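Spelled out, the chains give:
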Amino acid sequence: MSSFPGVVKVDDKTGRYIEATRDIKAGELIITEEALVTGPSGDPAPHKICLGCYKVITGEPVDCSVCKWPMCSEKCEKILQHAKFECKVFKNAGLKPTTDPMDYLGIKVLRCLLLKEVSAKKYEQLIKLESHLKKGPKIASKEICEFIHKRCNQKAFDTGAVNQMAGIVAINSFGTSDRLSLVDAPRMASLLFFNASMMSHDCTPNTSWVRVENSDNTFSIKVWATVPIKKGEQITTQYLDLTRGTIERRAHLIELYLFPCSCKRCTDPTELGTNYSSVKCSKCPPGKGYLSSTEPLKGADAMWQCDVCGGQQLYRECSVGIECQIVSEIQQAESEEDLEKVLESHEGVTVHPNHYLMMDARQEIVKRLYNTIATIAEIPKRVERAKKMVVLVKSLLAVTEKFYPGKNKIKARLTYYLQYAESCTQGDGPNVEERLEKIEEIIRKGDEMLIFEP
Ligand SMILES: [Zn+2]
Ligand SMILES: [Zn+2]
Ligand SMILES: [Zn+2]
Ligand SMILES: [Zn+2]
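The shown structure was predicted, so the numbers you read here are calculated from the model rather than taken from an experiment.

J.: Hey, could you go over the overall build of the protein for me, with residue numbers and the actual values?
T.: Each helix and strand counted, the protein has 14 helices and 15 strands in total. Looking at the protein as a whole, 40% of its 454 residues qualify as buried.

In structure tokens, the structure reads:
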């Protein structure tokens, strides 16, 4: 890799971002760096997470011989991120282990504060990251202050410093799981980087990244350009799941990152021609006429308009009710057949076939097919299910291509689903044990391969 082709700039509205200092080719590796801080990610449900390697502890834990917090093995208590950071603090404060996600967040913030003692150089970089402290105390949390000051007895860090770090953690962390992942959160780790964390958000990002686990239990990140990036353009990533429609996506960006996105996708009523949020016009004939927002940046207050008859309705009148109904139908669906019924009764009938909730239903069916196909003994039936899976994955890929052009890990996973389904249409499906090993390997190596492919 040649030197980093970007420079950090500041904008009053969006905060810090990275601008390309030269033209960057699609597929070019642009950032490789080690994490400044690694910590447990406490979402979403309470878990016992090993503070050494971030695995969820499912069996009998081994207590750390110093602080008594649960570890997955004796080896893990010696891992520096635990031993050099909170371990002694916990011992001195007599802090009892918990599984509260809020406490794991507190541990991450504590590690950031303690970094000053462990590595002054990394700490200098860490405090350069955006905290949005000036935008108000929204991110700062009473619980985190209480965790650090009272429960960990670390009174030397004043409230301002704790708030700044809580802001940095909230805004700049890279998580480890995503909705399309085949293996759920293999490591509950959350990572902070210097350059990678400076990237700004775009709902059609021009990079993709993978997290690399190093042999000494530290983590690195590799970021590559998914499309050509011109000199002067921002180098962007996504801060959150891009599988939601514009209204929900923008609301989350504002709530979590204090950032009202106005990217190309957010300002386009059709979300780059996908009709990802569009609902069916009740006045137009079946299969024709969909309502989309006339002013996407106005959110839930905008008027929506039919692309065929021009009829207008408020978002609350035409979309909210039907979306709630579909969400509850998907949640209640127990079987693949139930999910297929949701698709049948809504795609092109109440919402556009590409509507994000239809994508959710397809995604759910694909996951279930993936888990069951190999166990279907009857070959014609198995082939029939596999063919269905091929059609569904292709439709997911078509939309994903619009939001994630170029080579990226989301498409790599879908492509794997597709290859798997196609191989099952041959009749003699892969055997189940081999399959599980293969998934792990594809996730680990498949993503890496993406980077080094020409
Ligand atoms: Zn461990
Ligand atoms: Zn310990
Ligand atoms: Zn956007
Ligand atoms: Zn109409």
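J.: So, the pairing of strand E14 (residues 303-306): which residues are in play, and what are the values?
T.: Burial along E14 is one-sided: the face carrying Trp304 and Cys306 is buried and the face carrying Met303 and Gln305 is not. Pairing of strand E13 (residues 290-293) with E14, which is carried by 3 bridges, proceeds in the antiparallel orientation. Paired with serine 293 across the bridge in E14 is tryptophan 304.

J.: So what's going on with the environment of proline 260? Residues and values would help.
T.: Its place among the elements puts proline 260 in the loop between helix H7 (246-257) and helix H8 (264-267). By the C-beta count within 10 Å, which is 14 here, proline 260 ends up partly exposed. Distance from proline 260 to threonine 14, taken between C-alpha atoms, is 8.8 Å for residues 246 residues apart in sequence. If we skip the residues at most four places from it in the chain, proline 260 touches Arg250 and Ile254.

J.: Talk me through the environment of glycine 245; I want residue IDs and the actual numbers.
T.: Mapping glycine 245 onto the fold places it in the loop between strand E11 (236-237) and H7. For glycine 245, a count of 20 C-beta atoms within 10 Å corresponds to the buried category. Beyond its immediate stretch of four places on either side in the chain, glycine 245 contacts Tyr276, Ser277 and Tyr356.

J.: Any details on the nonpolar core? Residues and values, ideally.
T.: Val109, Cys112, Met389 and Val393 are the most contacted members of the largest nonpolar core, which totals 105 residues. Two domains each put at least three residues into this core: domain 1 (6-237) and domain 2 (249-452). Excluding residues that lie within four positions of it along the chain, valine 393 makes contacts with Val366, Leu414, Tyr417, Leu418 and Ala421.

J.: If you had to explain the sheet that holds strand E10 (residues 219-225) to someone new, which residues and values would you point to?
T.: Strand order in the open sheet made by the 3 strands is E3-E10-E9, with antiparallel pairing throughout. The open sheet has two free edges, formed respectively by strand E3 (29-34) and strand E9 (207-213), since each of these has just one partner strand. For this sheet, the mean inter-axis angle between neighbouring strands, taken without regard to orientation, is 15°. Judged from the 7 bridges that link them, E9 and E10 form a sheet pairing that is antiparallel. Paired with threonine 207 across the two strands is alanine 225, which belongs to E10.

J.: Which residues make up the sheet that holds strand E12 (residues 279-280), and what values go with them?
T.: Overall, antiparallel pairing links the 4 strands, which are arranged E12-E13-E14-E15 in an open sheet. What marks the edges here is a single partner per strand, and that holds for E12 and strand E15 (312-314). Note that E14 and E15 share 3 bridges and pair antiparallel. By the bridge assignment for E15, methionine 303 is matched with leucine 314.

Calculation rules
- Residues numbered from 1 in each chain as written.
- Chains lettered and ligands numbered in written order.
- Predicted model: local features only at pLDDT ≥ 70, side-chain atom pairs only at ≥ 80, totals over all residues.
- Helix = DSSP H or I, 4+ residues; strand = E, 2+ residues; numbered from the N terminus.
- Buried ≥ 20, exposed ≤ 12 C-beta atoms within 10 Å, placed from the backbone.
- Pairing = 2+ DSSP bridges.
- Contact = placed C-beta atoms within 7 Å.
- Core = buried A, V, L, I, M, F, W, Y, C linked by C-beta atoms within 7 Å.
- Domains from an automatic or database assignment.
- Axes fitted to C-alpha atoms, helices over the stretch in contact; angles between N-to-C directions.

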